[in-house]
Every structure is written in C-alpha cells, then in structure tokens.
Amino acid sequence: MIDTATNTVITTIRGNPFPSTVTSTPNGDFVYVLDDDGSPQVVDTATHKARLAEELEGVVSNGRIAFSPDGLHLYAVSEGSDLVQVLEVATGRIVAVVDVFGGHSTDVAISRDGRQVCVTQRPGKALRRPLWVIETTTHKVIGSSAEWSGTANGLAITPDGSTAYVADRDSRAVRVIPVQPQTA
C-alpha cells in the first residue's frame, strides 16, 4: 500500500504468489486481489488484513473484475472464457451469467451510472468484435459498438459512459470507441 501524498510504501500485504489484478470496492473499504493460481483475496483497507475471498472461488481466477457503482454487484471475466459472471456481493451468489459470444475475455468495466458493462476480448470465434456492451438491468448483450481485426486487452470507460478506450496489442494502439447510450 502506497501513500500517494508522499509516494512512500505504508505496508506490504503478503498473500498469493501470483497476484494478477487489484480492484477496489466503490466505497474503498476493500480491495480484491485475483491470483493466477485461483485463490482470490480480499483486503480490508482499514486494517490491512487479508482473507481468502471465498465468494470469488470458482468464479474467477486470472481474469478481471469490476464493481457496480453501488457496490452491490461484481462483474467477473476469466482469461480465456467467453462468459461474464455477475455476483451479488452481499450473498456471494451468482445472479447471472452472460455469454459474450466466443472470444477470450480480457477486461471488464462499468459505466459510472451503472447502466452498461463493457467487456473486451482477444480473438476467438468472435474475431471482429473485441468489445461487447451489456445492459445491467437485464444482463443482456445489447451490442458490440465496434468491429476491427485485432485484440482488446485493456479497457477504460469515460466517466460519462460515452467513450471506451481499448488497448489493442496487435496494432500497438489504443482504440477510441463511442459507446452508444441505451434508452431504458
């Protein structure tokens, strides 16, 4: 943990041997750490104590996760899978599984208003659709807002949810993609 005001290390939390992803809950109370060996952890940011994130075991290992803005749901993609799992955080129960059509999912991000989830993919069966958009109230894929032959490895959505920035390893570029607002 780093104090960003002074750029000094506050503490080091020992845990899994191969941490791959770190994501904070929206309120900042907890940090979830995914690991390539499939043993996710959750760290209490007040006490710096880590525990096994049992609610994520079997859901995701070496993938990516994103929390809904209200912190009630967690969206998880596993490296090499074409499924997005939606977990109810309070119960640890999977409430939906969304098929994003044959790619190898690489990242997930949620718009600030929580209405849309974007998922990036490397080529699989879905060679020309590396970005998919999911509507969060129905957990349905509402489209792919872009087509290109390449890969999608990293993802960020602007605060207003209008634009996605996607890292494309094949072209060594960042794709700037408009995310069409969906009407309720």
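A brief structural summary. (Residues numbered from 1 in each chain as written. Predicted model: local features only at pLDDT ≥ 70, side-chain atom pairs only at ≥ 80, totals over all residues. Heavy atoms only, no water.)

Some words on the overall build of the chain
Right, so step 1: The helix and strand tally for the chain stands at 0 helices and 17 strands.
Right, so step 2: For the chain, the proportion of its 184 residues judged to be buried stands at 43%.
Right, so step 3: Sequence separation of 24 or more characterises 34% of the internal contacts of the chain that already satisfy a separation of 6 or more.
Right, so step 4: For the chain, the exposed area adds up to about 9600 Å²; of that, 51% sits on carbon and sulfur atoms. (Helix = DSSP H or I, 4+ residues; strand = E, 2+ residues; numbered from the N terminus. Buried < 20%, exposed > 50% of the residue type's maximum accessible area, 1.4 Å probe, protein only. Contact = heavy atoms within 4.5 Å. Areas by Shrake-Rupley, 256 points an atom, 1.4 Å probe, with all protein chains shown as cover.)

Side note on the sheet that holds strand β5 (residues 41–44)
Right, so step 1: Taken in spatial order, the 4 strands of this open sheet run β3-β4-β5-β6, and their pairing is antiparallel. Edge positions in the open sheet fall to β3 (19–24) and β6 (50–52), since each of these has one partner strand only. The mean angle between the axes of side-by-side strands here comes to 25°, regardless of whether they run parallel or antiparallel.
Right, so step 2: Here 5 bridges tie β3 to strand β4 (residues 30–35), and the two strands are oriented antiparallel to one another. Bridging from a neighbouring strand, threonine 21 pairs with leucine 34 of β4. (Pairing = 2+ DSSP bridges. Axes fitted to C-alpha atoms, helices over the stretch in contact; angles between N-to-C directions.)

Some points on the pattern of salt bridges
Right, so step 1: For the structure shown, the criterion picks out 2 salt bridges.
Right, so step 2: For the salt bridge of arginine 93 with glutamate 88, the shortest nitrogen-to-oxygen distance reads 3.8 Å. (Salt bridge = Lys/Arg side-chain N within 4 Å of Asp/Glu carboxyl O.)

As for the sheet that holds strand β13 (residues 131–135)
Within a sheet, neighbouring strands are paired by backbone hydrogen bonds and run either parallel or antiparallel to one another.
Right, so step 1: Pairing is antiparallel across the open sheet formed by 4 strands, whose spatial order is β11-β12-β13-β14. With one partner strand each, in any of the chains shown, β11 (104–110) and β14 (140–143) form the two edges of the open sheet. Adjacent strand axes in the sheet meet at a mean angle of 35° when their direction is disregarded.
Right, so step 2: As paired strands, β13 and β14 are joined by 3 bridges and run antiparallel to one another. The residue of β14 that forms the bridge with valine 133 is glycine 143.

What to know about unusual backbone geometry
Right, so step 1: One non-glycine residue with positive phi stands out, namely histidine 139, at about 60°.
Right, so step 2: With respect to the helices and strands, the residue histidine 139 is situated in the loop between β13 and β14.
Right, so step 3: Positive phi is not limited to glycine here, since arginine 172 has a value of about 55°.
Right, so step 4: In this fold, arginine 172 is placed in the loop between β16 (163–168) and β17 (173–178).
Right, so step 5: The exposure class of arginine 172 is exposed, given its relative accessible area of 79%.

Considering the pairing of strand β15 (residues 154–157)
Right, so step 1: Pairing of β15 with β16, which is carried by 4 bridges, proceeds in the antiparallel orientation. Note that in β16 the partner of alanine 156 across the bridge is tyrosine 165.
Right, so step 2: Where β15 hands over to β16, the hairpin turn is made up of 5 residues, of which glycine 161 adopts a positive phi near 75°.

Section: the nonpolar core
Right, so step 1: Tyr75, Val84, Val100, Val108, Val117, Val119 and Ile134 are the most contacted members of the largest nonpolar core, which totals 14 residues.
Right, so step 2: The residues touching valine 100, leaving out its near neighbours within four places in the chain, are Asp82, Leu83, Val84, Ser105, Val119, Gln121, Trp132, Ile134 and Val141.
Right, so step 3: Counting residues in hydrophobic clusters, the runner-up holds 12 residues, among them Cys118, Ala146, Ala164 and Val166. (Core = buried A, V, L, I, M, F, W, Y, C linked by side-chain atoms within 4.5 Å.)

Quick word on the side chain of threonine 158
Right, so step 1: Counting through the fold element by element, threonine 158 comes out in the loop between β15 and β16.
Right, so step 2: Judged by its relative accessible area of 18%, threonine 158 falls in the buried class.
Right, so step 3: Engagement of the side chain of threonine 158 in a polar contact is seen with the backbone nitrogen of serine 162, the distance being 3.4 Å.
Right, so step 4: Residues contacting threonine 158, with those up to four places away along its chain left out, are Thr163 and Tyr165. (Polar contact = N/O pair within 3.5 Å; in protein donor to acceptor, adjacent residues only side chain to side chain.)

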